[in-house]
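# Close look at the chain arrangement
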Amino acid sequence: NAGVTQTPKFQVLKTGQSMTLQCAQDMNHEYMSWYRQDPGMGLRLIHYSVGAGITDQGEVPNGYNVSRSTTEDFPLRLLSAAPSQTSVYFCASRDRLGTGELFFGEGSRLTVL
Amino acid sequence: EDQVTQSPEALRLQEGESSSLNCSYTVSGLRGLFWYRQDPGKGPEFLFTLYSAGEEKEKERLKATLTKKESFLHITAPKPEDSATYLCAVRAGSARQLTFGSGTQLTVLP
C-alpha cells in the first residue's frame, strides 16, 4: 500500500514564484489536511478538507490555496512564495469514522530564497 | 484555545535507562490524545490513542498513560532504535483537527 504520497520531496523557489505541492492517498479517506513543521513550533494546520469539493482554513492559511476535486488528491498551492514559507510540509489523511488517527506522507522540504 | 505542551524538549538516555516524556494539555472536552513517533526526514507515525483518564496503552517498550491534565509516554529499557522525536496531539470538542505539541527529541546512546 502506498498510503499518502507527496511530491516533490525537495524544492527550492525564488521569492515570488508559485508552485504546487502534490498529495495523493489510496486509502479512500474522506479527510485530508496539510501541515507545516518548523523548528520548535510543532505541526501547524494550513488547510483541510472533509471531502471532495469541501475545504476549510486551518491555523496558518495565508499565502496558500487548496482544492479537492477528487477523494484521492489534495494539492497545496503557494501563490507567491515568501522566505517565511520555508518549511517542511506534510500531507495527512484519516477516515471520517474510526479512531481519528492521521496517516502522514513523507514530507516536502521547501526552501524559498 | 486548545494548547499542548511537551517536556522536555530534548532527552538523552543511555541504553537501558528508563524515563518518561510528558504531554500537558488544555482543551475543552477531550475527544482523544494521540502519540506519534517521527524519525528524521520522515512523516509522523501513529503510536497510540487515549480517550479517557486512567487509560493505558502499551507497545513494546512504550507505555502511554492519561490523566485529566496530562499524558506520559514511559520508555522502559530503551534501545538506540527508539531514538526519534515523539509528538503528542489532542482532538477536542467538536474540532475535526488535531492540535500538536512541539515534540520531545529522544536520543538513546549505546
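Figured I'd write up the structure that's included with this text. Because the structure is a prediction, the values reported are computed rather than measured. Every chain's residues receive numbers from 1 upward, in the order its sequence appears when written. Lettering of chains starts at A and numbering of ligands starts at 1, both following the order in which they are written. Reporting of local features is limited, given that this is a predicted model, to residues whose pLDDT is at least 70; pairs of side-chain atoms are given and counted only at 80 or more, and all residues count toward the totals for whole chains, interfaces and linings. Excluding hydrogens and water, the side-chain figures rest on all heavy atoms present in the structure.

Another point: the side chain of serine 87 of chain A. All names here are of chain A. The way it works is that DSSP assigns letters per residue, a run of H or I at least four long becomes a helix, a run of E at least two long becomes a strand, and they are numbered from the N terminus. By the secondary structure assignment, serine 87 is in strand β9 (residues 87-94). For every residue, the accessible area (1.4 Å probe, protein chains only) is compared with the maximum for its type, and the residue is labelled buried under 20%, exposed over 50%, or partly exposed between those bounds. For serine 87, a relative accessible area of 6% translates into the label buried. Of the polar contacts made by the side chain of serine 87, one reaches the side chain of aspartate 38; its length is 2.8 Å. Contacts are residue-level and defined by heavy atoms, with any inter-residue pair within 4.5 Å sufficient. In contact with serine 87, other than residues within four places in its own chain, are Arg36, Gln37, Asp38, Ser108, Arg109 and Leu110. Pairing of N or O atoms within 3.5 Å defines a polar contact, subject to two protein rules: one partner must be a possible hydrogen donor and the other a possible acceptor, and residues neighboring in sequence count only if both atoms are side-chain atoms.

We call a pair of cysteine sulfur atoms a disulfide when they lie within 2.5 Å. Under the counting rule described, the total for this entry stands at two disulfides over all chains. A disulfide bridge connects cysteine 23 of chain A with cysteine 91 of chain A, and the sulfur atoms are separated by 1.9 Å. Here the S-S torsion is close to -70°, and the disulfide linking cysteine 23 of chain A with cysteine 91 of chain A is therefore left-handed. Of the two residues, cysteine 23 of chain A sits in strand β3 (residues 19-25) while cysteine 91 of chain A sits in strand β9, which places them 68 residues apart along the sequence. Across this residue pair, the class does not change: cysteine 23 of chain A and cysteine 91 of chain A are buried. The disulfide that involves cysteine 23 of chain B links it to cysteine 88 of chain B, with 1.9 Å between the sulfurs. When the S-S torsion is -60°, as for the bridge of cysteine 23 of chain B with cysteine 88 of chain B, the disulfide is left-handed. A residue pair is termed long-range when its members are at least 10 positions apart, and cysteine 23 of chain B in strand β3 (residues 19-26) and cysteine 88 of chain B in strand β9 (residues 84-92) qualify at 65 residues. Both residues of the pair, cysteine 23 of chain B and cysteine 88 of chain B, count as buried.

Moving on: the sheet that holds β3 of chain B. All names here are of chain B. Strands are treated as partners if at least two bridges between them are detected by DSSP. The antiparallel open sheet is built from five strands, whose spatial order is β1-β3-β8-β7-β6. Two strands bound the open sheet, and with one partner strand each, they are β1 (3-7) and β6 (56-59). The mean inter-strand angle of the sheet, taken between neighbouring strand axes irrespective of direction, is 15°. The pairing of β6 with strand β7 (residues 62-66) spans four bridges and is classified as antiparallel. By the bridge assignment, lysine 59 is partnered in β7 with leucine 62. Each axis is a line fitted through C-alpha atoms, taken for helices only over the stretch in contact, and angles between the N-to-C directions span 0 to 180 degrees.

Further remarks concern the interface of chain A and chain B. Listed as interface residues are 19 residues of chain A and, on the opposing side, 18 residues of chain B. Summed over both partners, the accessible area lost on bringing two parts together, with a 1.4 Å probe, is the buried area. Here chain A and chain B share an interface that buries about 1,500 Å² over both sides, 50% of which is from carbon and sulfur atoms. With its nearest N and O atoms 3.2 Å apart, the salt bridge here joins glutamate 106 of chain A to lysine 42 of chain B. At the boundary of chain A and chain B, one finds five residue pairs in polar contact (both at pLDDT 80 or more). Counting only elements with at least two residues in the side of chain A that touches chain B, the list comes to β4 (31-38), β5 (42-51) and β9 of chain A. Here a salt bridge means any side-chain nitrogen of Lys or Arg lying within 4 Å of a carboxyl oxygen belonging to Asp or Glu.

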